[in-house]
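Structural features, examined
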Amino acid sequence: MDVRNIVKQLNISVNYIDMDKPGYATISADKRLKFVFISTRYPARVQKVTLIHELEHIAMQSGQTALYHATVSAKMKMESEINRCVVYELVDDYIKHTGVEPEYINYVDFMQLNDISADYESFVKETIKNYK
């Protein structure tokens, strides 16, 4: 994922601020103004993953704010969908920057490096195995 290109294409204002949570995205009612806020309290790697996560929300779910807030299960499903996209982007970024072929990626090390929850272990394995 070329973060700079996506930010430019979607006309998103990215702001790094001091806050407790890692980040969040918000869009104006008319959908013309898009903002991502990233906390400066977290390490650079967490900031990068959070930025990718929030950009995915805007790119994929910007018209679904009501659904996101409708029920806990809807929110959990949408977060899971975004987290799966983030895993793919992280695998893609890792392969492009290290030159390591997918079959040689140690998924446990990869998950630790990227602070990926064990809940996504099977998806990480599947993503690495089927990476194209």
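A quick note: this is a predicted structure, and the numbers were derived from the prediction, not measured.

The secondary structure content of the chain amounts to 6 helices and 3 strands. Listing each helix as α and each strand as β along the chain from the N terminus yields α-β-β-β-α-α-α-α-α. Over its C-alpha atoms the chain spans a radius of gyration of 15 Å, differing by no more than 12% from the 14 Å that the globule rule assigns to 132 residues. In terms of its C-alpha atoms, the chain occupies a principal-axis envelope of roughly 45 × 30 × 30 Å.

The subject of this paragraph is the environment of Val-124. Position of Val-124 among the secondary structure elements: in helix α6 (residues 121–129). On the accessibility criterion, Val-124 (0% relative accessible area) is buried. Between the C-alpha atoms of Val-124 and Val-91, which are 33 residues apart in sequence, the distance is 8.3 Å. Once residues lying within four places of it in the same chain are set aside, the contact partners of Val-124 are Val-87, Tyr-107, Phe-110, Met-111 and Ile-116.

Here the focus is the nonpolar core. Membership of the largest hydrophobic core comes to 26 residues, with the highest contact counts inside it found for Val-36, Leu-55, Leu-90, Val-91, Phe-110, Ile-116 and Val-124. For this core, the secondary structure elements donating two or more residues are α1 (3–9), β3 (34–39), α2 (44–61), α4 (72–98), α5 (107–113) and α6. Ranked by the residues each element gives to this core, the list is headed by α4, at 6 residues.

As a further point, take α6. Of all the residues in α6, the buried ones are Phe-123, Val-124, Thr-127 and Ile-128. Along the long axis of α6, the arc covered by the buried residues comes to 130°, so they all point the same way. Summarising the geometry of α6, the exposed residues directed more than 90 degrees from the buried face are Ser-122 and Lys-129. As for α6, its buried residues are in contact with α4 and α5.

The next subject is the environment of Val-91. Along the chain, Val-91 falls in helix α4. You can call Val-91 buried: its relative accessible area is 1%. Along the sequence, Val-91 and Lys-31 sit 60 residues apart, while their C-alpha atoms lie 30 Å from each other. Beyond its immediate chain neighbours, meaning those up to four positions away, Val-91 contacts Phe-110, Thr-127, Ile-128 and Tyr-131.

What the rule picks out here adds up to 4 aromatic pairs. Centre to centre, the rings of Tyr-88 and Tyr-131 are 5.8 Å apart; their planes meet at 25°, and the pair counts as stacked. Of the two residues, Tyr-88 sits in helix α4 while Tyr-131 sits in the segment after α6, which places them 43 residues apart along the sequence. Residue Tyr-131 is classed as buried on the basis of its relative accessible area of 18%. Among the aromatic residues, those joined into a cluster by ring pairs are Tyr-24, Phe-35 and Phe-37.

What counts as what
- Residues numbered from 1 in each chain as written.
- Predicted model: local features only at pLDDT ≥ 70, side-chain atom pairs only at ≥ 80, totals over all residues.
- Heavy atoms only, no water.
- Helix = DSSP H or I, 4+ residues; strand = E, 2+ residues; numbered from the N terminus.
- Rg over C-alpha atoms; globule rule 2.2 N^0.38 Å.
- Buried < 20%, exposed > 50% of the residue type's maximum accessible area, 1.4 Å probe, protein only.
- Contact = heavy atoms within 4.5 Å.
- Core = buried A, V, L, I, M, F, W, Y, C linked by side-chain atoms within 4.5 Å.
- Arc of directions from axis to C-beta.
- Phe/Tyr/Trp six-rings, centres within 6.5 Å; stacked < 30°, edge-to-face > 60°.

Worth remembering: the numbers are spatial, not functional.
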